[in-house]
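Structural features, examined
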Amino acid sequence: MNLLDSQVQSLLISGNREFGMKCLALGADWPIEELQSPLRTGFPKSLKNIAIDFFNDDIQKEVGLGTRKFMCDIMLHQYHVLFSSMIQLPGCNMPLATRMIDISIADHPDSFLYLLVRAKISQSERSLERSIEELHKVIAVQKDWRQLAHLCFWDLGISNAALGNYEKAAEFFELLFKENEWSKSIYLYFRAVLLYAADSTKYKATISELMKKIPDHLKKVAGKSVPLEVN
Amino acid sequence: MFPVLELIYMWNGFDLIPDSRLLILQQKFESALADLDRQQEECKKDGKEIPYSTFYDDLCLVRFFKGLATRELAVPSASMLIPEKLLIRRQLTKSQIDGLDYASKQLEFISLQADDIEYDHWILPFCRYELAALHIRAGDYQKARSEYQAALNGGYGEDEAGKQKKKASMETSLHIRVHNAIAKLNFILALKGETVVDEEESDPESEED
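If you're wondering where the values come from, they're calculated on a predicted model, not measured in any experiment.

The subject of this paragraph is the side chain of B:Asn12. Counting through the fold element by element, B:Asn12 comes out in the loop between α1 (3-10) and α2 (19-45). A distance of 3.5 Å separates the side chain of B:Asn12 from the side chain of B:Arg177, its partner in a polar contact. Sequence-distant contacts of B:Asn12, defined by excluding residues within four places in its chain, comprise A:Ser85, A:Met86 and B:Arg177.

A few words now on the confidence of the model for chain B. All names here are of chain B. Confidence in the prediction of chain B, expressed as mean pLDDT, is 87, and 89% of residues score 70 or more. Highest mean pLDDT in chain B belongs to helix α3 (residues 55-74) (96); lowest belongs to helix α8 (residues 171-191) (88). Taken over the whole predicted complex, pTM reads 0.85, whereas the ipTM for its chain interfaces reads 0.86.

Let us look at the pattern of salt bridges. Once their charged atoms are close, side chains differing in charge can pair, the charge on each being opposite to the other. Applying the stated criterion across every chain, the model contains 21 salt bridges over all chains. Among the salt bridges present, the one from A:Glu134 reaches A:Arg130, with a minimum N-O distance of 2.9 Å. With A:Glu134 and A:Arg130 both in helix α8 (residues 128-141) and 4 residues apart, the pair spans about one turn of that helix. Accessibility expressed as a relative area gives 12% for A:Glu134, which makes it buried. Exposure remark for A:Arg130: the relative accessible area of 40% places this residue in the partly exposed category. Overlapping salt bridges bring together B:Arg71, B:Glu72, B:Glu130 and B:Arg137 as one network.

Scoring rules and cut-offs
Residues numbered from 1 in each chain as written. Chains lettered and ligands numbered in written order. Predicted model: local features only at pLDDT ≥ 70, side-chain atom pairs only at ≥ 80, totals over all residues. Heavy atoms only, no water. Helix = DSSP H or I, 4+ residues; strand = E, 2+ residues; numbered from the N terminus. Polar contact = N/O pair within 3.5 Å; in protein donor to acceptor, adjacent residues only side chain to side chain. Contact = heavy atoms within 4.5 Å. pLDDT = per-residue confidence, 0-100. Salt bridge = Lys/Arg side-chain N within 4 Å of Asp/Glu carboxyl O. Buried < 20%, exposed > 50% of the residue type's maximum accessible area, 1.4 Å probe, protein only.

Have a look at this one:
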């Protein structure tokens, strides 16, 4: 941070969501006019010079090329699709994100990340059967980075649970427990609760065994408990 | 009661449940409420107020999910992921308005019983947040703002009696949701030309293009 130009530092610290979204839209070649904010029509004085440089004609000619477009694209999809599925966000535009992801997938049909975003969109639209199918496609697309498949296992677990397929959902959390290190206690708890919902009599012994294992798998980061595990 | 729904809700899965499944869950909620009523009537014959110590925890939880399910059936969260300028132009049908009204009664019930909750203190502040989201759907933006403020204040409005007894589980997660929801509310009010009350959004440095 200390090595950065002071104007760039003020951009990072000022927290101007609207300006940031416009920059990303420019980089990703999204239609900026569909991302307008009613709150700020201008820019704060601290950002004005950066804004003038960023939006000049020479820079605009370079838009749409290379890794920058992909990075900006993914950041915008994170905002409109991923984060908006968790919290209400101002300026969220799912129809636009859906149009843009279909264009991106047409250009890059084997992109793991674009296919994952498409599956998340189906999930947000409550088309869970379609989302489950798309998540399986995502897993099949690449085998090199297993942790990327783990992202899909989580969503497959949640989607099946939302449909009431509790035993199927529990299988994905069992897979996560075996293969992934993010939070084994959460996977154990999820599996126990899902099996309880499926059939508390049939799975009584398994549920009891799983619940007893949870305290042994609680994590500490720098000596502090992880809030999600504690809660 | 319904631990799986509690878990699904905390991990943002409740909004994903399709209508077909919500209708099945509604029947389970009605059945659970009837059972809780029956248990309470029976224990009153023995001179007790409630059949077990966490009775109001279960009652409030079932009402919470019943309120959420009714709200989602009326106006699903998926339909809210559109630009605010389209949101404010929507016209709700009579059945949607009736659905939201019924859902709000389920959620408002929780505020009346929250002081009797034994362990699940998270229910009240989360209930205020979900009630605010309901008011946004109905276009009652000032009510929504009051509910968001109550959610930030442990579940109690400034002009309401009562105080948060204990730090609720997932309180930080709730506060993140509420602050972003208030930012979205300010977007909506600015589009409608109404005054934005939240001082955090004012920008003394801003100037026109």
